[in-house]
Amino acid sequence: LVWTISVNTERKSKMILLEVQNRIIMEALESRIPSEGGSIDPVNMTLADFDGALYHISNPDPSDTTKILVSLGVQFYHELKSFGVDEFMNAMYGDMVTTPESGYDVSLLVDLNNLGADPKNTVMKVACLRRNVFGAAFTHFFELQKAGSVTDEASVLNYRDQETIYISVLKDRVTVVFSTRFSDADDIVIGKVFMQAFKDVRGKNPNAPQVLFTHKDPPQELEGTNALVGENVGHVTFVLFPRHFSGENVDKTIDLIHTFRDYLHYHIKCSKAYLHQRMRARTAALLKILNRARPDSDVKEKKTVSGRTFKRVGKAVAHATKLFK
């Protein structure tokens, strides 16, 4: 597995990492960047993203297609307000932040004629809106740990239906615990295999964060909190040290950790699909072998040169006839 803060680029086989940006938003904006003599098509689309996120892309003024409103709604946005998510959005997007559209939590007004010196970078930032909403919470706790002024502060985010993220900051580390519900027993078995691979990575790369996995029995950190617990609940703990969120590593860490739950379940489903495909292929091969092994009919009708017909009795029938004579 390569889901570590230090990615091993020498390995030939890698599990894919999910994109942090929304590709539909990125393509919708890039295709509408003004060009000489070209017209800009109007846009009005609603689309979903991971973790129940809902986007709406539209033109506030249908007569002005150079202005595009990108709105995002997530069910846990109100929980992020205590972590300064509004201030984080203002610092990240500046003048693009506008009054949220009705039914959504945050909105950006994109002026296609004013995308700055690097239009593609601006488009990428807009497409990473959901990622940056998540990033507000992680940045808050990372900054607390760096300041060293607050210890033992923790919070639980109900970021999905019946799933939670626990984040705590201590003097020397930040602990993140994902509590995720598995739909059936097979998912738990495959998930344990993935988690063991994560542990093996740390043995080869000491700079990788420590990863712990427990099933049914929640970690001690979750005692007395409203974090998800239960029979089919798995708990994945990441222990992040200052080296994981200092300097350039902080963006990479947020990119990877906020998509972890989707990354895990995506590869569990891919593994199950692969196993089913192999089983179907094996079954088809066995059926071909059985069809080739089907015995011929015991009684065959033959014709002589003159056209007369006779029946040739198979060896099994002839042998049975002799036995009963």
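Each value, and the rule that gives it
Residues numbered from 1 in each chain as written. Predicted model: local features only at pLDDT ≥ 70, side-chain atom pairs only at ≥ 80, totals over all residues. Heavy atoms only, no water. Axes fitted to C-alpha atoms, helices over the stretch in contact; angles between N-to-C directions. Helix = DSSP H or I, 4+ residues; strand = E, 2+ residues; numbered from the N terminus. Parallel < 35°, antiparallel > 145°, perpendicular 65-115°, else oblique. Left-handed = near helix turned anticlockwise from the far one by under 90°. Contact = heavy atoms within 4.5 Å. Buried < 20%, exposed > 50% of the residue type's maximum accessible area, 1.4 Å probe, protein only.

A. Region of interest: the packing of helix H3 (residues 85–93) against helix H5 (residues 129–147). Remark: H3 packs on H5, axes separated minimally by 9 Å, with the N-to-C direction vectors making an angle of 125°. Taken together, the axis directions place H3 and H5 in an arrangement best described as oblique. For H3 against H5, the interelement crossing comes out right-handed. Residues Val 85, Phe 88, Met 89, Met 92 and Tyr 93 of H3 pack against Leu 129, Asn 132, Val 133, Gly 135, Ala 136 and Thr 139 of H5.

B. Summary view of the side chain of Arg 130. Its location among the elements puts Arg 130 in helix H5. You can call Arg 130 buried: its relative accessible area is 2%. Look past the residues within four positions of Arg 130 in its chain and what remains in contact with it is Asp 49, Phe 50, Asp 51, Ala 53, Tyr 55, Leu 72, His 258 and Thr 259.

C. Fine view of unusual backbone geometry. One non-glycine residue with positive phi stands out, namely Asp 51, at about 60°. Along the polypeptide, Asp 51 turns up in the loop between strand E1 (44–48) and strand E2 (54–58). Positive phi outside glycine occurs at Gln 162, with the angle close to 65°. Tracing the chain through its elements places Gln 162 in the loop between strand E6 (153–160) and strand E7 (163–169). Overall, the relative accessible area of 53% leaves Gln 162 in the exposed class.

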